[in-house]
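# What the coordinates show
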Amino acid sequence: RGAKTFSKDSSATVTWADIGGLEDVKTSLQQAVEWPLKFPETFERLSLKPPRGILLYGPPGCSKSTIVRACAFASNATFLTLSAADVFSPYVGDAEAAIRQVFRDARAATPAIIFMDEIDAIVSKREFAQGGSGGSGMALRVLSTLLNEMDGVEVADGLLIVGATNRPDMIDAALLRPGRFDRVIYVPLPTTEDRHHILKIHTKHAHLANDVNLSLIAEQTPYFSGAELENVCREASLLALRESIHAESIEMRHFTKALTCVQPVSNATSIATYA
Ligand code: ATP
């Protein structure tokens, strides 16, 4: 059985304006992803080696995937995703073939970004892999195939690999050697100001009543991720709708109630593990 072919992910039409806050992360990624893909000749002329791989890590729901899509869109690059399901699916049959295939497809469509979400599920630490249930040999083969493919990428290839994880401690150290994932970027929880920005983004098409104070909601939501703030906005709209099918707008009380329904998964202790 052959591996599935990987085609351009068309949901990549996300722009930087869709992502609230995270200005430092955006700048780092623009320099590390957009510039080398858009201006490879300049990098060659100046003898600069852009990173081959970039690893994003941080708490869940903080736009790691979204930000890479925005990068791909801004760089006019093909965006290919490789998940653990693609690699280990019984339908794929051959995990190593799936990895080789995504690199082959990416090379045929450069400039391209291969995005591996939850990369820890694809290549976890060897000791974990060996202790894991069944297929430890398979986990090692997957890791070495990925390393081989990454080592074969040349600067001028216009191909970049981006991995994302909530569990950086689970990543095999071999992946972090120079020339592999040699840029590691932390994507933090949003600050109060970022949360305000994110709330504005996720309510921009809604009618808000005059009493809605997004800046107050931002202050009341420490440890909320962008995804959770999006949930709060969705929940507030649903509450308004359930109250009246003719609802004119979302009111502050809907947000206040929504805040009692959505709880952040992160807290001071979980965030400390990323330090
Ligand atoms: P996970 O680690 O759970 O895979 P992630 O960090 O990759 O999550 P995304 O999947 O990119 O996060 O984010 C989920 C959703 O949350 C996005 O589709 C987006 O709508 C919203 N979101 C997260 N962060 C932001 C942000 N900074 N600005 C706007 N929306 C955000």
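By the naming in an unreviewed UniProt entry, the protein chain goes by AAA family ATPase and is assigned to Thraustotheca clavata.

## Here's the deal with the overall build of the protein chain
The helix and strand inventory of the protein chain stands at 13 helices and five strands. Relative to its full complement of 275 residues, the protein chain shows a buried share of 46%. Taking contacts inside the protein chain between residues at least 6 apart in sequence as the whole, the part at least 24 apart equals 80%. Element-wise, carbon and sulfur atoms account for 52% of the exposed surface of the protein chain, whose accessible area totals about 13700 Å².

## Digging into the side chain of Glu96
Structurally, Glu96 is set in helix α5 (residues 95-107). Looking at Glu96, its side chain comes within polar contact range of the side chain of Arg141, at 3.3 Å. Among residues more than four places away in sequence, those in contact with Glu96 are Arg141 and Thr145.

## With respect to the packing of aromatic side chains
Taken as a whole and judged by the stated rule, the model has four aromatic pairs. Relative to Tyr274, the ring of Tyr57 has its centre 6.3 Å away and its plane inclined at 45°; by these criteria the two rings are tilted. Here Tyr57, found in strand β1 (residues 53-57), pairs with Tyr274, found in the segment after α13 (268-272); they are 217 residues apart in sequence, far enough to count as distant. An identical accessibility class is assigned to Tyr57 and Tyr274; each is buried. Ring geometry for Phe79 and Phe115: centres 5.9 Å apart, planes at 25°, overall stacked. Taken together, the residues Phe79 in strand β2 (residues 78-81) and Phe115 in strand β3 (residues 112-116) connect sequence positions 36 residues apart. By relative accessible area, which is 0% here, Phe79 ends up buried. Put simply, the rings of Tyr57, Tyr186 and Tyr274 pair up and form one aromatic cluster.

## Considering the site of the ligand
What surrounds the ligand is a group of 17 residues, the closest being Gly20, Ser65, Thr66, His202 and Glu230. With respect to the ligand, the side chain of Asn166 contributes an N or O atom lying 3.1 Å from an oxygen atom. Measuring from an oxygen atom of the ligand, one finds a side-chain N or O atom of Glu230 at 2.7 Å. Within the complex, the protein chains bury 80% of what would otherwise be the 630 Å² of accessible surface of the ligand. Mapped onto the shell around the ligand, the elements with two or more residues apiece are α3 (64-74), α9 (192-203) and α11 (226-243).

## Some thoughts on the nonpolar core
Judged by nonpolar contacts, the single largest core of 28 residues is most densely connected at Leu29, Val33, Ile54, Leu56, Ile67, Val68 and Ile113. Elements that contribute at least two residues to this core include exactly α1 (23-38), β1, α3, β3 and β4 (159-165). With residues up to four places along the chain from it excluded, the contact list for Ile54 reads Leu29, Ala32, Val33, Leu160, Ile161, Val162, Gly163, Phe181, Arg183 and Ile185. One finds Leu80, Ile99, Val153 and Ile161 within the second-largest nonpolar core, a separate group that totals 27 residues.

## What about the packing of α11 against helix α12 (residues 252-261)?
Relative orientation of the contacting elements α11 and α12 amounts to 120°, with a least axis distance of 8 Å. Classified by the angle between their axes, α11 and α12 sit oblique to one another. As for how α11 packs across α12, the hand of that crossing is right-handed. When α11 is examined against α12, the residues Val232, Cys233, Glu235, Ala236, Leu239, Ala240 and Glu243 are found in contact with a partner set consisting of Arg253, His254, Phe255, Lys257, Ala258, Leu259 and Cys261.

Each value, and the rule that gives it
- Residues numbered from 1 in each chain as written.
- Predicted model: local features only at pLDDT ≥ 70, side-chain atom pairs only at ≥ 80, totals over all residues.
- Heavy atoms only, no water.
- Helix = DSSP H or I, 4+ residues; strand = E, 2+ residues; numbered from the N terminus.
- Buried < 20%, exposed > 50% of the residue type's maximum accessible area, 1.4 Å probe, protein only.
- Contact = heavy atoms within 4.5 Å.
- Areas by Shrake-Rupley, 256 points an atom, 1.4 Å probe, with all protein chains shown as cover.
- Polar contact = N/O pair within 3.5 Å; in protein donor to acceptor, adjacent residues only side chain to side chain.
- Phe/Tyr/Trp six-rings, centres within 6.5 Å; stacked < 30°, edge-to-face > 60°.
- Near = heavy atom within 4 Å.
- Core = buried A, V, L, I, M, F, W, Y, C linked by side-chain atoms within 4.5 Å.
- Axes fitted to C-alpha atoms, helices over the stretch in contact; angles between N-to-C directions.
- Parallel < 35°, antiparallel > 145°, perpendicular 65-115°, else oblique.
- Left-handed = near helix turned anticlockwise from the far one by under 90°.

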